[in-house]
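Coordinate analysis (summary)
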Amino acid sequence: MSLLEISLRSLAALAAVLVLPLVAGQAEHKVMAHMQGRLGPMYAGGFHGWAQLVADGVKFAQKEDITPAAADRSVFRLAPAVALVPYLLAIALLPVHPGLAAADVPGSVLLVLAVTGVGVLGTLMAGWASANKYALVGGMRSAAQLLAYELPLVLSVASIAMAAGTLSLAGVVEAWSPWWLLWQLPGALVFLVAATAELQRVPFDAPIADSEVVMGPWTEYTGLRFALFMLAEYAGMVVMGLLFGVLWLGGWQGPFADQLGWLWTLLKGSLVVLLIIWIRVSWPRLREDQLQRLAWTVLVPLALAQLALTAVGVVATA
């Protein structure tokens, strides 16, 4: 691969992680406005509130960048980058078209899971470094949530990899069959719930819980550093949506896949992102004990059962 091709692929991944999360954020504004009758976001700029996202960006850019005097300055300032950069790497690994990924590497399933797991550390770093009790409580909740939901998420993906017989995301898409929608449905539900919890989205937003711990680990952040955490959240939604589309919905497979494969991948990922937004609109926040009980008594056993079912199916059809 030439240096020019590497540069173009890197720029494409960077553009995706900067543009797609903004589209997801704008979609959340509008979807929530319609579902909950929130008229405010529908006015900015006139037609359908198109300028709301621009107004939010200008607001963040104008705010002063403050680092608390008692904070661990280097860790405090590094945390937003640690939260965002792993999703850039994850997007680079996702195949969006036959033979097309910014970084096509063997074992891409494992690598995507590894880098998305690192992204959560940015939240933990923010909570620890802020020298604020609310931020620390939010960071501790994030750590507990990460430990609880990482296991069912990994187990559900392992089931798909076992069914496909490969650890390559592109290989999974090639091996995908429509009947997987039924065979792997329990694993798909586990992944969706666990991914929503990993992103700390409603109803799993106990680490943020603005009514209890202000803004959790982000309490002391202002301006563009706070905006980077928000961008990381929406980038995580995009990554998890595309990953779900690749693993469970066949990625680029569809009519005219050779020409429109990238469009099918984006459409399937977009549907999952809209579902995550819909969940936020529809469900109240879980208590911390309910959150842990769901993970350990429901999701983990269900993911293990799916893994055992997949193993039986693979052996029976070998």
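Quick look at the structure, then.

Summarising the element assignment, H97 is placed in the loop between helix 3 (73-93) and helix 4 (108-119). With relative accessibility at 12%, the residue H97 sits in the buried group. A polar atom in the side chain of H97 sits 3.1 Å from the backbone oxygen of D258. Setting aside residues no more than four positions away along its own chain, H97 makes contact with W252, A257, D258, Q259, L260, G261 and W262.

Let's shift gears to the packing of aromatic side chains. Taken as a whole and judged by the stated rule, the model has 11 aromatic pairs. Seen from their ring centres, W218 and F229 are 5.4 Å apart, and the 20 degrees between their planes marks the pair as stacked. Placement of W218 in the loop between helix 10 (210-213) and helix 11 (223-248) and of F229 in helix 11 is noted, with a sequence separation of 11 residues between them. When its relative accessible area of 2% is taken as the criterion, F229 is described as buried. By way of ring pairs, the aromatic residues F60, F76, W218, Y221, F226 and F229 are connected into one cluster.

This part is about helix 2 (residues 52-62). Taken residue by residue, helix 2 has Q52, D56 and F60 as its buried positions. Down the axis of helix 2, the buried side of the element spans an arc of 75 degrees, and every buried residue falls inside it. Of the surrounding secondary structure, the elements contacted by the buried residues of helix 2 are helix 1 (3-36) and helix 11.

What follows deals with the nonpolar core. Judged by nonpolar contacts, the single largest core of 77 residues is most densely connected at Y149, L169, W180, F191, L247 and W248. The greatest single-element share of this core, amounting to 17 residues, is contributed by helix 11. Setting aside residues no more than four positions away along its own chain, W248 makes contact with S156, V157, I160, W176, L181, Q184, G187, A188 and F191.

A separate point is the packing of helix 3 against helix 5 (residues 121-129). At a closest axis distance of 7 Å, the pairing of helix 3 and helix 5 adopts a crossing angle of 165 degrees. Considering the angle they form, helix 3 stands roughly antiparallel to helix 5. The two elements helix 3 and helix 5 meet at a crossing, and its hand is left-handed. Contacts between helix 3 and helix 5 pair V75, F76, L78, A79, V82 and A83 from the former with L121, G122, M125, A126 and A129 from the latter.

Procedures and definitions
- Residues numbered from 1 in each chain as written.
- Predicted model: local features only at pLDDT ≥ 70, side-chain atom pairs only at ≥ 80, totals over all residues.
- Heavy atoms only, no water.
- Helix = DSSP H or I, 4+ residues; strand = E, 2+ residues; numbered from the N terminus.
- Buried < 20%, exposed > 50% of the residue type's maximum accessible area, 1.4 Å probe, protein only.
- Polar contact = N/O pair within 3.5 Å; in protein donor to acceptor, adjacent residues only side chain to side chain.
- Contact = heavy atoms within 4.5 Å.
- Phe/Tyr/Trp six-rings, centres within 6.5 Å; stacked < 30°, edge-to-face > 60°.
- Arc of directions from axis to C-beta.
- Core = buried A, V, L, I, M, F, W, Y, C linked by side-chain atoms within 4.5 Å.
- Axes fitted to C-alpha atoms, helices over the stretch in contact; angles between N-to-C directions.
- Parallel < 35°, antiparallel > 145°, perpendicular 65-115°, else oblique.
- Left-handed = near helix turned anticlockwise from the far one by under 90°.

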